[in-house]
Amino acid sequence: MSYLERMREIVKVRNPHEDEFLQAVTEVIESLEPVFARFPEFEETNILERIIEPERQIIFRVPWVDDQGRVHVNRGFRVQYNSAIGPYKGGIRFHPSVNLSIIKFLGFSQVFKNALTGLPLGGGKGGADFDPKGKSEMEIMRFCQSFMTELYRHLGPDTDVPAGDIGVGAREVGYLFGQYRRICNEFTGVFTGKGLSYGGSLVRKEATGFGLVYFVSEMLKAQNKSFDQATVIVSGSGNVATYACQKAQELGAKVVAMSDSNGFIYDPEGIKLDTVKEIKEVQRERIKKYADIHKGARYTEGSRGIWQVPCDIALPCATQNEIYEEDAKALIKNGCYCVGEGANMPTTPSAIKLFLENSILFAPGKAANAGGVATSGLEMTQNSQRLPWSAEEVDSRLRTIMCNIYQDCAAAIDEYGLNSLVEAANIVGFVKVARAMLEQGVI
Ligand code: NDP
């Protein structure tokens, strides 16, 4: 059995029932053959087994009291995955589906994504199986405070710096940061995605969506294509989806469909993003409402139906495993030629295979959605300098970082003779972290 095959077996035995985690690890291991062929020292020092095992996994109780005085308990997680190239960095997710497998898959992917940005950021991820939907403002605040009352002892501006993710936006980051500051009696850049009034960075809110479109634009440019005049669908209507839609529209695309976890809207005239922002960001309502406001638009129950809408470019920006093989078939049949992952692991392995076999331009999330964490890195720099940068400066750095990630991955395709950006992103991220670990000894 080869070293890589052995690693696949070990990870399966050690992490039974962790489907998402095994999916993410398998994809990376499958990409690494050319790397282990070229660098025998990686096998000699057993780098892969060390990278797969998180440095630290913290699971904790989060008790909180609802508005009726009832006591609830949720489970909190922080997986501090790898700090070989910088402090642990990665978002916090609040969603009822959160479990250790999901947090580990996200943390593992984050390690390589952060390395791709070229910034000194290690990888981690956290969250809780808490559902913010239907909770009052005070319940959200009490939950965030309880979560941070345990988590604070594991964080620090040079140790672990979380950010938002699904269910954790500006409101939650504010409550989490506030509680950290209160307990630790220090004002440091321990969180990113902060409000602009207390150390946040301009363009951080927009960064993942904008960065995705910058990355996909580079990929399209290499094929003499662009967003201009393209028909686009964007799944989700949260942070990543909203700003991916905005940037695609700015570049001349017509975005015709968006979704939430209940269903999707189709607007043949093009999505009016101000309405989506009002419904999702201000009113915290369902996307269904859009079709009541814009009579030419149609709402369909069931979020996966969005992949049946004909488009040139599909940007999955909601959650993991949202494009299955049947969805990929529908997209290809309807003429889609490009898929850019804004979410983490939104495409199942068999759907990715189908896209690649059909020569669909495919931008993997690990590279394409790195703009969020890259701009978080820029927020950390501004916090350390105690100096805010202009929106133009942050946006221009974000654009440069996304172009560089694309160029580094494209170069790896030539260097290693690869077939896709999926393998390239895994290899470029992996090699950077593995080299750093090698130089630091067995720790
Ligand atoms: P938000 O919570 O802001 O938005 C998530 C969106 O996806 C909502 O529209 C939500 O619908 C929908 N959604 C969530 N779960 C499901 C599900 N199980 N099925 C269908 N739709 C679902 O999260 P973000 O926009 O921040 O994150 C979206 C994705 O992007 C995630 O995969 C995240 O890990 C990834 N990402 C986020 C980054 C960031 O900077 N925020 C950075 C890099 C990656 P509803 O409103 O009904 O819940």
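Residues numbered from 1 in each chain as written. Predicted model: local features only at pLDDT ≥ 70, side-chain atom pairs only at ≥ 80, totals over all residues. Heavy atoms only, no water.

Caption draft 1: Up close: the pairing of strand E3 (residues 88-94). Burial runs high along E3: seven of the seven residues are buried. The sheet contact formed by E3 and strand E4 (residues 123-128) spans three bridges and is parallel. If you follow Arg93 over to E4, its bridge partner there is Gly127. The parallel pair E3 and E4 is bridged by helix H6 (residues 100-116), and the resulting crossover is right-handed. (Buried < 20%, exposed > 50% of the residue type's maximum accessible area, 1.4 Å probe, protein only. Helix = DSSP H or I, 4+ residues; strand = E, 2+ residues; numbered from the N terminus. Pairing = 2+ DSSP bridges. Right-handed = clockwise from strand over helix to strand, strands pointing away.)

Caption draft 2: Examining the pattern of salt bridges more closely. As enumerated under the stated definition, the model contains 27 salt bridges in all. One salt bridge connects Arg38 with Glu415, and the closest N-O pair in it is separated by 2.8 Å. Here Arg38, found in helix H3 (residues 33-38), pairs with Glu415, found in helix H17 (residues 391-416); they are 377 residues apart in sequence, far enough to count as distant. Linked through salt bridges whose partners overlap, the residues forming this network are Arg14, Glu49 and Glu53. (Salt bridge = Lys/Arg side-chain N within 4 Å of Asp/Glu carboxyl O.)

Caption draft 3: Inspection of the environment of Glu341 at higher detail. With respect to the helices, strands and loops of the structure, Glu341 is situated in the loop between strand E11 (338-340) and helix H14 (349-357). What makes Glu341 buried here is its relative accessible area of 5%. As a C-alpha pair, Glu341 and Lys272 span 69 residues in sequence and 22 Å in three-dimensional space. Of the polar contacts made by the side chain of Glu341, one reaches the backbone nitrogen of Gly365; its length is 2.7 Å. (Polar contact = N/O pair within 3.5 Å; in protein donor to acceptor, adjacent residues only side chain to side chain.)

Caption draft 4: Representation of the domain arrangement of the chain in the model. Domain annotation of the chain identifies domain 1 (3-186) and domain 2 (207-359). Just the C-alpha atoms count here: the centres of domain 1 and domain 2 sit 26 Å apart. Across the contact, 14 residues belong to domain 1 and 13 residues belong to domain 2. Of the roughly 950 Å² buried where domain 1 meets domain 2, counting both sides, 48% is carbon and sulfur surface. Counting across the domain 1 and domain 2 interface gives zero salt bridges. Between domain 1 and domain 2 we count three residue pairs in polar contact (both at pLDDT 80 or more) in total. Looking at the side of domain 1 that touches domain 2 residue by residue, the classes come out as five nonpolar, one polar and eight charged. (Domains from an automatic or database assignment. Contact = heavy atoms within 4.5 Å. Buried area = accessible area lost by both parts, 1.4 Å probe. Nonpolar A, V, L, I, M, F, W, Y, C, P; charged D, E, K, R; others polar.)

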